[in-house]
Amino acid sequence: MTADSVIIQQAPTATELPATVRASLSPSRAADFKTCPLLYRFRSIDRLPEQPSVEQARGTLVHAVLERLFDLPSAARTPQAAGDLVTGQWDRLVTEQSELAGLFPEAGPSVAEFLRSASALLDGYFAVEDPRRLEPAERESLISAVVDDELLIRGYLDRLDVAPDGALRVVDYKTGGAPREAFESRALFQLKFYALVLWRTRGVVPRVLRLLYLKDAEVCDYAPDAEELVRFERTVVALWRAIEQATAARDFRPRPSRLCDWCSHQAHCPSFGGTPPPFPEPPATPDPQRDARSAPAPPGADE
Ligand code: SF4
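The rules we used
Starting from 1, residues in each chain are numbered consecutively following that chain's sequence as written. Since the coordinates come from a predicted model, pLDDT governs what is reported: local features require at least 70, and pairs of side-chain atoms require 80 or more to be given and counted, while whole-chain, interface and lining totals use all residues. What counts as a helix is a DSSP run of H or I of at least four residues, what counts as a strand is a run of E of at least two, and both are numbered from the N terminus. In this scheme every C-beta is placed from the backbone, and a residue whose C-beta has 20 or more other C-beta atoms within 10 Å is buried, one with 12 or fewer is exposed, and one in between is partly exposed. In this text, near has one meaning. A residue is near a molecule or strand if its C-beta atom, placed using the backbone, is within 6 Å of it. Three categories are distinguished: nonpolar for Ala, Val, Leu, Ile, Met, Phe, Trp, Tyr, Cys and Pro, charged for Asp, Glu, Lys and Arg, and polar for the others, with Gly belonging to the last. Every residue gets a pLDDT, meaning the predictor's confidence in that residue, from 0 to 100. By definition, residues are in contact whenever their C-beta atoms, placed on the basis of the backbone, come within 7 Å of each other. Interaxial angles span 0 to 180 degrees and are taken between N-to-C directions of axes, which are lines fitted to C-alpha atoms, for helices over the stretch in contact. Each angle gets one of four labels, with under 35 degrees taken as roughly parallel, over 145 as roughly antiparallel, 65 to 115 as roughly perpendicular, and the rest as oblique. Two helices cross in a left-handed way if the nearer one is turned anticlockwise from the farther one by less than a right angle. They cross in a right-handed way if the turn is clockwise. Two strands are counted as paired when DSSP detects at least two bridges linking them. Take the buried Ala, Val, Leu, Ile, Met, Phe, Trp, Tyr and Cys residues, join any whose C-beta atoms are within 7 Å, and the set you get is a nonpolar core. Here the limits of each domain have been adopted from an automatic or database domain assignment.

## A short note on the overall build of the chain
Argument step 1. Helices and strands together make up the secondary structure of the chain, namely eight helices and six strands.
Argument step 2. What you see in the chain, going N to C, is helices and strands ordered as β-α-α-α-α-α-α-β-β-β-α-β-β-α.
Argument step 3. Residues classed as buried in the chain amount to 37% of the 303 residues present.

## A word on the site of the ligand
Argument step 1. Close to the ligand lie 14 residues; Cys 36, Pro 254, Cys 260, Cys 263 and Cys 269 are nearest.
Argument step 2. Looking at the shell around the ligand, its residues break down into 10 nonpolar, three polar and one charged.

## What to know about the confidence of the model for the chain
Argument step 1. Confidence along the chain averages 87 in pLDDT terms, with 85% of residues attaining 70 or more.
Argument step 2. Within the model, pLDDT remains below 50 along residues 1-10, and this stretch shows 23 contacts once partners closer than five positions in the same chain are excluded.
Argument step 3. In the predicted structure, residues 288-303 sits below a pLDDT of 50 and forms 45 contacts with residues beyond four places in sequence or in another chain.

## Quick word on the packing of helix H1 (residues 27-35) against helix H8 (residues 226-249)
Argument step 1. Put simply, H1 and H8 touch, their axes get as near as 11 Å, and they point 70° apart. In terms of orientation, H1 and H8 fall into the roughly perpendicular class. Of the two elements, H1 crosses H8, and the hand of that crossing is left-handed. From H1, Ala 30, Phe 33 and Lys 34 reach across to H8, where they touch Val 236, Leu 239 and Ile 243.
Argument step 2. Of the residues belonging to the contact of H1 with H8, the class tally is five nonpolar, no polar and one charged.

## Quick notes on the pairing of strand E6 (residues 218-222)
Argument step 1. Sheet topology note: the strand E5 (residues 208-213)/E6 ladder contains five bridges and is antiparallel. Residue pairing for E6: Leu 211 is matched across the bridge by Cys 220.
Argument step 2. Remark: four residues form the turn of the hairpin made by E5 and E6, two consecutive strands paired antiparallel; Ala 217 in that turn has positive phi of roughly 50°.

## Thoughts on the nonpolar core
Argument step 1. Counting residues in hydrophobic clusters, the biggest one holds 61 residues, and the most contacted among them are Val 62, Val 65, Ile 153, Tyr 194 and Ala 195.
Argument step 2. The biggest single contributor to this core is helix H7 (residues 180-202), with 10 residues.
Argument step 3. Domain assignment of the residues forming this core places at least three in each of domain 1 (14-46 + 136-272) and domain 2 (54-133).
Argument step 4. Residues within four places of Val 62 in sequence aside, it is in contact with Ala 118, Leu 121, Leu 122, Tyr 173, Thr 175 and Leu 214.

## Comments concerning the packing of H1 against helix H2 (residues 37-45)
Argument step 1. Two elements in contact, H1 and H2, have axes whose closest approach is 5 Å; the angle formed by their N-to-C orientations is 140°. Classified by the angle between their axes, H1 and H2 sit oblique to one another. Across the interface between the two elements, Arg 29, Asp 32, Phe 33 and Thr 35 from H1 touch Pro 37, Leu 39, Tyr 40, Arg 43 and Ser 44 from H2.
Argument step 2. Looking at the contact of H1 with H2, its residues break down into four nonpolar, two polar and three charged.

See below:
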């Protein structure tokens, strides 16, 4: 990081970005590169399509319900009210995202079971939090900051709570059923990313980064500190430099791991006998406005 990192209070439009900014990075894409450089290439440069899985669609639906739940007056935020939102939110998502509609081409037991499974995750939410006692400051908000003069870092917060003394708590809902150990470091990387943006834009290090695992009804709290975030910022900038070098060299290598089980691109991956498509020329430039939260989360990433 440079001492004079540019600070942006809200997600900027492309025209509002400082002229020095020439790249953007979301926590999902940064984590992709850390996990497997070739996965980053497939998603960010080749932009290969990914059909959302049922699990990802369930995550998208549960996030939507939890966002809408807080539109209700606090006393009305009951498990019953959350359950009542499920079908309407699914109908809305299917209308807005055609790729979700393809998951269940016909109404029937599979859709009903899917909606029931979403309600079960909401039960997990109510086991760890009482939303009647909460008044989130922000939900599903896009935050961003420019670091190192040239790099826009941004991402969507599930929820931000602000205490009366100004303390910040970043909350992220995790809905996946994947083994915890396979994803926890990735999830914490994502939360530290948000913490860094908040620190750089508001001058406050979040007191708590909270992961809510809805399937297991468990809470994982992490307290970052400023020194750690300074180091983390260096890590993010170094990661971006590594992405730039890999792009210049057209060299993105596969890094097989347990996460391959959740990768949509095994057919193109040399580690699975596949061949990557020709490298796009010129390489696609990651778009600061891409990765909108309205799209389903990519496999194994943000749920
Ligand atoms: S299958 Fe594994 S090694 Fe291959 S691109 Fe996907 S994550 Fe990387």
